[in-house]
Every structure is written in structure tokens, then in C-alpha cells.
Amino acid sequence: MKQRFTLHTHTVGFDGEDTARDMVSRACHLGFKTIGISNHFILHPEINQAKFYHYAKIGGYGAIYSASYDEAMGRFVPHYDELSAIIQPRTQILRGLEVDFFYHPRWEREYLRAVDTLKPDYVIGACHIVEHDGRLYNIHDIKNANADVRDKLLDLYWQKVADAAASGLFTWLAHIDLPKKVGLGREQKWSDHEARAIESISANKTPVEINTRFFKPYCYEPYPSPRIMQMMGAKNIPVLLSDDAHRVSQIGGNFDIAQRMAHENGVNNFLTMQKILDFSNKTK
Ligand SMILES: [Zn+2]
Ligand SMILES: [Zn+2]
């Protein structure tokens, strides 16, 4: 069965390159029954102090970060209104969020308030940033850290994935082995960390996406890796395909090969659209 929906996508105004309207048209053209737009909701009271925040501002995608509930609402309320105004009879349009999980005491309160205001159809949980010693590290900061700090940060990364699953706040988790984006965490020694995260994901019945954005000529696989897929298959963890499209040409990209690789590694519990919405209602 071919998946005919795509729920992990980004648009212009955040860090995507195309408008929501164009993304919807493309999904419709490909025969997708549903498209969800899930821009970044990365809220942390000290985000303005992070180095990567300044790079993002210069790069023109600072809008993915917010230091407060009010700042996030200033972006998402008009964005959701824009989505509501798009009419496409053949393709259902859903309103999602890709939310970074944080330990900061104010984070959960402000995040829950945002969900209460925006009422998203589903929420993708993500860990793009690790908190350590009062500092925020994104994936590139982790790569550039000294070797001992780097291992500590990777250790914290996997702990965070486990805790994001345990929080019960998310409909599913995104790209769970994100550090491989910068070549980290590939060695066998990380498999115990991965296994502990999968244990938490399984115990909390959290779905995980097979994210097709990673595929590289030198490493032809999605997130997560075959090693992690085998752990997921053994626990029958529910999955869906995500393209994480930041432009129209990426919609539905590599879905066939990713699904085949998942099956080859024992991952067979593919979710239907209805089941995903059921999961979403559970986390509300
Ligand atoms: Zn992401
Ligand atoms: Zn994304």
C-alpha cells in the first residue's frame, strides 16, 4: 500500500522555500489525499542568546525560533489563518507543528498554552537542540564541540529523544537519529543509546517517522538508520513516511525506496491517516 499523504512539510516565512498554496497544489497534483503543513515551533526563553539563532536571523529563517508564547503566536496565528484560506477540493489540508522538546521549566507551560490557542491537527516532536550547562547546542554546535563534550552532548541527545517520547506530548517523533546529518552517532557504541530510546518509544506507544530527507549518495538511507529500524521492527513500532519537504520538488521524495528499506528491516506497522489522527487525539 502506497502512502498517499504527507504531513511533515515546511513553508516560506519559516525555513521553507515555497508557499503553502504551492505545496498544496503539488501534493494534489501527485494524487495525495492529505497534506499537512508543520512549520517549526522552537520556543525557548534563552533562544536569543544562542549563536545559531543569530545565524538563522542573518540567513532569513529566524522565524523558526521564538523566545516566548507571544512571539510564537505572532507567527502562527496568521500562518494558520493563511492555511485555512486555501481551498483545494481534492486534497485535505491539515495544520501541524514540528515542536522542539525542551527541559526549561517555562517551556511546557508555554507550549501547552500554544496548543490550546492554535489547536493543531497533530504535533511532531523533534530534538534539534541539546541543553547543557546553561547553553543551547544545535546539531552543528555538537559536531564542532571538543570530543569529550561532543560525546556528552550525544548522550544527552538520545536521553532527550527518550524523554520526548515519555512526555506523551507528541503525535509522533521526527528524524530520531538526526546527529547523522553531521556524521555523528554512526559508530556501534551508540546502539545502546538508540536501544534505550526505542525502549521508551515502545513503552509510550509513540509512532516514529521514516524521514526521506537524509538520503545521500554516500549514505543511501532515511532517518532512522537500518540498525534502528531493526530495533523498531522487533517492537512493532508504528511508523509513517515523512518527506520533510522544504520546497515543492521534495514532496513525496523517496517514499518508495524508504518504504522498501523499512520492510527489509522488519518495519511493517505503517499507519493510516485515520490512525494518525487517533494518536493525535490521544495527545490532546
Ligand atoms: Zn526537523
Ligand atoms: Zn522538519
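Our subject is the structure listed above.
Computed from a prediction, not measured in an experiment: that's the story for all the values here. (Residues numbered from 1 in each chain as written. Chains lettered and ligands numbered in written order. Predicted model: local features only at pLDDT ≥ 70, side-chain atom pairs only at ≥ 80, totals over all residues. Heavy atoms only, no water.)

**Student:** Tell me about the nonpolar core, and please be specific about residues and values.
**Tutor:** One finds Phe41 and Phe170 to be the most contacted residues of the largest nonpolar core, which totals 85 residues. Residue contributions to this core peak at seven residues, all from helix 6 (residues 147-167). Contact partners of Phe170, with chain neighbours within four places excluded, come to Val99, Phe101, Trp107, Tyr111, Val123, Ile124, Gly125, Ala164, Thr206 and Thr283. Among the nonpolar cores identified, the runner-up in size contains 13 residues, and Trp172, Leu271, Ile276 and Phe279 belong to it. (Core = buried A, V, L, I, M, F, W, Y, C linked by side-chain atoms within 4.5 Å. Buried < 20%, exposed > 50% of the residue type's maximum accessible area, 1.4 Å probe, protein only. Helix = DSSP H or I, 4+ residues; strand = E, 2+ residues; numbered from the N terminus. Contact = heavy atoms within 4.5 Å.)

**Student:** I'd like a rundown of the coordination of the zinc ion (ligand 2), residues and numbers included.
**Tutor:** Coordination of the zinc ion (ligand 2) by the protein is provided by His8 (NE2), His10 (NE2), Glu98 (OE) and Asp244 (OD), with metal-donor distances spanning 2.0 to 2.3 Å. One way to put it: the four donor atoms around the zinc ion (ligand 2) meet at angles of 80 to 165°, and that makes the site irregular. Donor residues binding the zinc ion (ligand 2) come from one chain and are separated in sequence as H-x1-H-x87-E-x145-D. Here the zinc ion (ligand 2) and the zinc ion (ligand 1) are spaced 3.3 Å apart, with Glu98 acting as a shared donor. Note that His10 is positioned in the loop between strand 1 (5-6) and helix 1 (20-29) and Asp244 in the loop between strand 11 (239-242) and helix 9 (255-264), a separation of 234 residues in sequence. Here the two residues His10 and Asp244 agree in accessibility, since each one is buried. (Donors = N, O, S within 2.8 Å, 3.2 Å for Na, K, Ca; no water. Tetrahedral: all angles 85-135°; square planar, octahedral: opposite > 155°, others 65-115°.)

**Student:** Describe the coordination of the zinc ion (ligand 1), naming the residues involved and giving the relevant values.
**Tutor:** Within the first shell, the zinc ion (ligand 1) binds the protein through Glu98 (OE), His128 (NE2) and His175 (NE2), at distances of 2.1 to 2.3 Å. Positions of the donor residues of the zinc ion (ligand 1), expressed as sequence spacing, correspond to E-x29-H-x46-H.

**Student:** A description of the pairing of strand 10 (residues 208-211) should follow, citing residues and the corresponding values.
**Tutor:** Along strand 10, one buried face is formed by Val208 and Ile210 and the opposite face, lined by Glu209 and Asn211, is buried too. Between strand 10 and its parallel partner strand 11, the chain crosses via helix 8 (residues 226-234), and the hand of that crossover is right-handed. (Right-handed = clockwise from strand over helix to strand, strands pointing away.)

**Student:** Give me the lowdown on helix 8, citing residues and values where you can.
**Tutor:** Those residues of helix 8 not exposed but buried are Ile228, Met229, Met231 and Met232. Projected down its long axis, helix 8 carries its buried residues within an arc of 160°, all on one side. On its buried side, helix 8 packs onto helix 6, helix 7 (191-203), strand 10, strand 11 and helix 9. Note on helix 8: the residue one or two positions beyond its end, Asn236, has a positive phi of about 55°. (Arc of directions from axis to C-beta.)

**Student:** Tell me what's going on with the packing of helix 3 (residues 69-84) against helix 4 (residues 105-118), and back it up with residues and numbers.
**Tutor:** Interaxial distance between helix 3 and helix 4 falls to 11 Å at its minimum, and their mutual angle equals 25°. The orientation of helix 3 with respect to helix 4, classified from their angle, is roughly parallel. Crossing hand, helix 3 versus helix 4: right-handed. From helix 3, Tyr69, Met73, Phe76, Val77 and Tyr80 reach across to helix 4, where they touch Glu110, Arg113, Ala114, Thr117 and Leu118. (Axes fitted to C-alpha atoms, helices over the stretch in contact; angles between N-to-C directions. Parallel < 35°, antiparallel > 145°, perpendicular 65-115°, else oblique. Left-handed = near helix turned anticlockwise from the far one by under 90°.)

**Student:** Explain the pattern of salt bridges to me, and be specific about the residues and the numbers.
**Tutor:** One pass over the full model with this rule turns up twelve salt bridges. Linking Asp256 and Lys2 is a salt bridge whose minimum nitrogen-to-oxygen distance equals 3.6 Å. Here Asp256, found in helix 9, pairs with Lys2, found in the segment before strand 1; they are 254 residues apart in sequence, far enough to count as distant. For Arg106, the salt bridge goes to Glu110, with nearest N and O atoms at 3.6 Å. Of this pair, Arg106 and Glu110 both sit in helix 4, four residues apart, roughly one helical turn. Since its relative accessible area comes to 33%, Arg106 is described here as partly exposed. Each member of the salt-bridge network shares a partner with another, and the members are Asp177, Lys180, Arg186 and Glu221. (Salt bridge = Lys/Arg side-chain N within 4 Å of Asp/Glu carboxyl O.)

**Student:** So what's going on with the packing of aromatic side chains? Which residues, and what values?
**Tutor:** Taken as a whole and assessed by the stated rule, the structure comprises 16 aromatic pairs. With a centroid separation of 6.2 Å and an interplanar angle of 85°, the aromatic rings of Phe101 and Phe170 are classed as edge-to-face. Within this pair, whereas Phe101 is found in the loop between strand 5 (92-100) and helix 4, its partner Phe170 is found in the loop between helix 6 and strand 9 (172-173), the two being separated by 69 residues in sequence. Neither residue differs from the other here; Phe101 and Phe170 are each classed as buried. (Phe/Tyr/Trp six-rings, centres within 6.5 Å; stacked < 30°, edge-to-face > 60°.)

**Student:** I'd like a rundown of the environment of Glu46, residues and numbers included.
**Tutor:** By the element assignment, Glu46 lies in the loop between strand 3 (40-43) and helix 2 (51-59). With 75 residues separating them in the primary sequence, Glu46 and Asp121 have C-alpha atoms 28 Å apart. Discounting residues that sit within four places of it in the chain, Glu46 has contacts with His104 and Leu136.

**Student:** Describe in detail the environment of Phe270, supporting the description with residues and values.
**Tutor:** Along the chain, Phe270 falls in the loop between helix 9 and helix 10 (273-282). When the C-alpha atoms of Phe270 and Pro238 are compared, they prove to be 5.8 Å apart, with 32 residues separating the residues in sequence. Setting aside its immediate chain neighbours within four residues, Phe270 contacts Val239, Leu241, Gln259, Ala262 and His263.

As far as function goes, none of this settles anything; it's purely spatial.
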